[in-house]
Amino acid sequence: QVPLVESGGGLVQPGGSLRLSCTASGVILSIGTMTLGWYRQAPGKQRELVARITRVGVPNYADFVKGRFTISRNNAKNTMYLQMDSLKPEDTAVYYCNGYFDDWPDANYWGQGTQVTVSS
């Protein structure tokens with residue numbers, strides 16, 4: 001069973017917006033003590049960190065998305081979000097949800113990824 005499930009990807013025009021969601025499955029009962037993040041991987045490139053949010057909601061962002069993307073979480077819904085605005089063609093990638101329990105940072109959980117394509 002996949003511990004984290006992404007949704008919300010798709011095709012959007014440059015300048016458009018998308019909202020990604022990441023929901024914990026039954027393998028993870030609660031995200032409340034987890035640090036969560038979004039990564040992305042474009043064809044031929046390494047996976048890179050896009051944004052991360054601590055269990056108390058403190059975000060941090062890669063420079064290339066600052067001012068355009070917003071990460072948030074709703075622990076009651078076991079869900080994390082990534083609001084992506086002012087999308088650019090270079091944002092095209094598979095976006096992955098990641099999480100780890102703060103007491104066990106070496107045990108990373110991943111989703112299967114959702115494709116985001118920015119193209120006219």
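In what follows, the structure referred to is the one given above.
Remember, predicted model here, so these are calculated numbers, not experimental data. (Residues numbered from 1 in each chain as written. Predicted model: local features only at pLDDT ≥ 70, side-chain atom pairs only at ≥ 80, totals over all residues. Heavy atoms only, no water.)

Chemist: Where do I start with the pairing of strand 5 (residues 48-53) in this structure?
Modeler: Both faces of the sheet carry side chains from a regular strand, because those side chains alternate between them. One ladder, built from five bridges, connects strand 4 (residues 34-41) with strand 5; its direction is antiparallel. Residue pairing for strand 5: Y39 is matched across the bridge by L49. Hairpin connection from strand 4 to strand 5: six residues lie between these consecutive antiparallel strands, with G44 at a positive phi of about 75 degrees. By the bridge criterion, three bridges tie strand 5 to strand 6 (residues 59-61) in an arrangement that is antiparallel. By the bridge assignment for strand 6, I53 is matched with P59. Here strand 5 folds back onto strand 6, and the loop between the two strands holds five residues, one of which, G57, carries a positive phi near 95 degrees. (Pairing = 2+ DSSP bridges. Helix = DSSP H or I, 4+ residues; strand = E, 2+ residues; numbered from the N terminus.)

Chemist: Just to check I follow, could you spell out the state of the cysteines for this structure?
Modeler: A covalent bond between the sulfur atoms of two cysteines is what we call a disulfide. Within this structure, the stated rule accounts for one disulfide. Put simply, C22 and C97 are joined by a disulfide, and their sulfur atoms are 1.8 Å apart. Taking the torsion about the sulfur-sulfur bond, which here is approximately -65 degrees, the covalent link between C22 and C97 counts as left-handed. Remark: C97 occurs in strand 9 (residues 93-101) and C22 occurs in strand 3 (residues 18-24); sequence separation between them is 75 residues. C22 gets classed as buried once you look at its relative accessible area, which sits at 3%. (Disulfide = S-S within 2.5 Å. Buried < 20%, exposed > 50% of the residue type's maximum accessible area, 1.4 Å probe, protein only.)

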